[in-house]
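Spelled out, the chains give:
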Amino acid sequence: MKSTAAIVGTGEVPTGNYPNRTEAEAAVTACRQAILDAGLSPRDIEAVMPVGVVMGSRHFNTDLIFSRLCEELGMLRSVKLNAQVMAGGASGSATLKVAYALVASGAVRNVLVVHSDKFGSTTMQQGIDLFATLGISEEWEAPYGHNANTAVALITQRYMHETGTTEEELAAVAVSMRQWGALNPNAMFRKPITVEEVMRGDHVCTPLRPKTMSLWADGASAYIVARAEDARHITPTPVYVRGMASLVTHYSVSQEANLAFLAFPEVAKEAYAQAGLGPKDIHVAEFYDAYSVMPLLAMDAMNLCDGDRAGRFIAAGHTLPGGKLPMTTTGGAIAQGHTGAGVGVSLVVETARQLMDKAGDRQVKDAVNAAESGSGGTWMDSHISILSREAR
Amino acid sequence: MSDQPMSRPVPKPTAWSQPYWDAAREERLVIQHCNQCATKIMNPKQYCPSCLSDDLGWSESDGQGTVYSFSIQKRSPASPFVGKGPYVVAVIRLNSGVQLLSNIVGERAFDVQCGDAVRVAFEPIPGTDITLPVFTLVG
């Protein structure tokens, strides 16, 4: 795939519980940061693409749809398109794909993608009740007490059955996430934990223990995609899109034909082919979590574990800071916090930050190529993107 | 979000799913199929997902299959299920080839493993005219 688009700027506000920070304030702040980071002015932006709001107010969601950000940030009569894209947890990968298509087609010169949502004030039971409806069939699944936790538990159990992955290895994913979170000033959980601490938490639903899951948080992040020919004039460190593969595999998780791996094996192969790169070329993996099993599927599918199983590779410490394959360097939803559709957007932002040499204490030395993954709803789709400092 | 308690989710049959729920009330498991291309369909649909035909029918299932995956909900379920646990959620692969979500019930339900053989059973939802197909471990 010829690199016809690149990320040129990113912005993000801290993730956590911020009852006095409105969704709008967070969105505007993240957008302003992204525009300034790119060295652009507001009137250079030609498209604004907000992601859908799940827990923040309906009024704020319609504000995003109806161009409030264009007015707040001085983009009136210069932005040509303000339109929402929503794919749940896959919204990072999905916005990247749509933004890529818009600039590659020549429809617009650039796209500002933004997510802002407010989950931090949600009570545990409100969240559980909401997530017993999202991606859950009302007629065929909800009557059985099924919910988002059991959905991923079904995937986790089958993945363990087919690969031999252990609960301790799933705990090691959370340990890796927390170590990265400790280095991330925007993360909600910055204290490292041990496998023993994770294993001490009683199952919520087997085989899931609380610390292998994530907690809801407020957050906002933004990034700008520009045409490749513009990108190199905008920033000295454009991050080129080299591969973007994805496949929708189900609505009801009960209808998934490959519960252990979803479509990650197919999309990993396609993404490598598009990028003209292989497993040895990937220096950092920004893989979507929300739950500890999800990055394992992408790690295995992309063959990033020296021929070993992802669980054993991670338990050996190879994805930790300083390890041979740094993974999800924000700490992901498990450590940075679960902002809804924003988890994926923040991983696209982190992918760009790593390849722009702007990742602070988390910076992976000499990272040239990175992979990013996403999945939405009750894991309805599998996305893998490959980004690079080098254009193809 | 409101703090109103959720009521227990009860299937609301549609024009195209009504035969499934009618059969379940009679303790029969039926699976939808396409009369044009013979595709077996689950969950039931308005049109055949293979050929988009509206010429759909139903056949009796022997209710036998295996556990594709499962989870035991031990705590923190959705409001309507608080105090009803622990319970087993599972994806069942019927021998006829379709998959469905259900519960594993019965004495040995918590011993369930992937690949275990199961057979359909039926549980009425009290106070409604809906009966849910559920499964028990066999052997």
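Residues numbered from 1 in each chain as written. Chains lettered and ligands numbered in written order. Predicted model: local features only at pLDDT ≥ 70, side-chain atom pairs only at ≥ 80, totals over all residues. Heavy atoms only, no water.

## Structural notes on the overall build of chain A
Convention followed: Helical segments are the DSSP runs of H or I of at least four residues, strand segments are the runs of E of at least two, and each set is numbered from the N terminus. C-alpha atoms define the radius of gyration, and 2.2 Å times the number of residues to the power 0.38 defines the globule rule. The buried label applies to any residue whose accessible area, calculated with a 1.4 Å probe on protein chains only, is under 20% of its type's maximum; exposed applies above 50%, and partly exposed to all values in between. Contacts are assigned to residue pairs with any non-hydrogen atoms lying within 4.5 Å of each other. The method behind every accessible area is Shrake-Rupley, applied with a 1.4 Å probe, and residues are considered shielded solely by the protein chains displayed. The sign given to each residue is positive for Lys and Arg and negative for Asp and Glu; His and the chain ends receive no count. Think of each charge as sitting on NZ of Lys, CZ of Arg, CG of Asp or CD of Glu.
Per the secondary structure count, chain A includes 14 helices and 9 strands. By the compact-globule yardstick of 21 Å for 392 residues, chain A fits well, its C-alpha radius of gyration being 19 Å. Structurally, chain A occupies a C-alpha span of about 55 × 45 × 40 Å along its principal axes. Put simply, chain A has 392 residues, and 66% of those count as buried. Taking contacts inside chain A between residues at least 6 apart in sequence as the whole, the part at least 24 apart equals 77%. Counting only carbon and sulfur atoms, one obtains 52% of the accessible surface of chain A, whose full area is about 13,000 Å². In chain A, the 32 positive side-chain charges and the 40 negative ones have mean positions that sit 6 Å from each other.

## Let's talk about the overall build of chain B
The secondary structure content of chain B amounts to 1 helix and 8 strands. Along its sequence from the N terminus, chain B presents helices and strands in the succession α-β-β-β-β-β-β-β-β. Along the first, second and third principal axes, the C-alpha atoms of chain B reach 45 × 40 × 25 Å. Classification of the 139 residues of chain B by burial places 47% in the buried group. Across chain B, every contact between residues at least 6 apart in sequence was considered, and the portion connecting residues at least 24 apart equals 51%.

## A look at the pattern of salt bridges
Our working definition: Take a side-chain nitrogen of Lys or Arg and a carboxyl oxygen of Asp or Glu: if they are within 4 Å of each other, that pair is a salt bridge.
Enumeration over the complete set of coordinates arrives at 19 salt bridges over all chains. The closest approach of N and O atoms between Glu12 of chain A and Arg353 of chain A, which form a salt bridge, is 3.1 Å. Of the two residues, Glu12 of chain A is situated in strand S1 (residues 5-16) and Arg353 of chain A in helix H14 (residues 342-355); the sequence distance between them amounts to 341 residues. The class for Glu12 of chain A is buried, based on a relative accessible area of 6%. In this structure, Arg28 of chain B and Glu26 of chain B form a salt bridge, with 2.9 Å as the shortest nitrogen-oxygen distance.

## Digging into helix H7 (residues 167-181) of chain A
Since the α-helix turns once every 3.6 residues, residues separated by three or four places project in the same direction. Residue and element names in this part refer to chain A. The line we're drawing: Here, expected helix span is obtained from the residue count minus one, scaled by 1.5 Å.
For H7, with 15 residues, the first-to-last C-alpha span of 21 Å sits near the 21 Å given by 1.5 Å per residue. Counting buried residues along H7, 12 of its 15 residues qualify, which places the element largely inside the surrounding structure. Restricting attention to buried positions, one finds in H7 the residues Glu169, Leu170, Ala171, Ala172, Val173, Ala174, Val175, Ser176, Met177, Arg178, Trp180 and Gly181. On its buried side, H7 packs onto helix H6 (148-163), helix H8 (195-200), helix H11 (293-301), helix H12 (310-315) and helix H13 (332-335).

## Overview of the sheet that holds strand S2 (residues 47-50) of chain A
Residue and element names in this part refer to chain A. The following threshold applies: Think of it this way: DSSP has to see at least two bridges between two strands before they count as a pair.
Across the sheet, 9 strands lie side by side as S3-S2-S4-S5-S1-S6-S9-S8-S7; this open sheet has mixed pairing. The sheet terminates laterally at strand S3 (81-82) and strand S7 (284-286), the two strands that pair on one side only. Both S1 and strand S6 (residues 239-248) contribute to a ladder of 2 bridges, which runs antiparallel. Bridging from a neighbouring strand, Ile7 pairs with Val239 of S6.

## Remarks on the nonpolar core
This is how the line gets drawn: The criterion is simple. A nonpolar core is a set of buried Ala, Val, Leu, Ile, Met, Phe, Trp, Tyr and Cys residues joined through side-chain atoms within 4.5 Å.
Core analysis: the biggest nonpolar cluster contains 109 residues, and Met299 and Trp379 of chain A together with Ile104 of chain B have the highest contact counts within it. Other than its neighbours up to four places away in sequence, Met299 of chain A contacts Ala285, Phe287, Leu304, Cys305, Ala310, Phe313, Thr319, Leu325 and Met327 of chain A. In terms of nonpolar packing, the next biggest core, distinct from the first, is built from 32 residues, Ala5, Val108, Val111 and Met356 of chain A among them.

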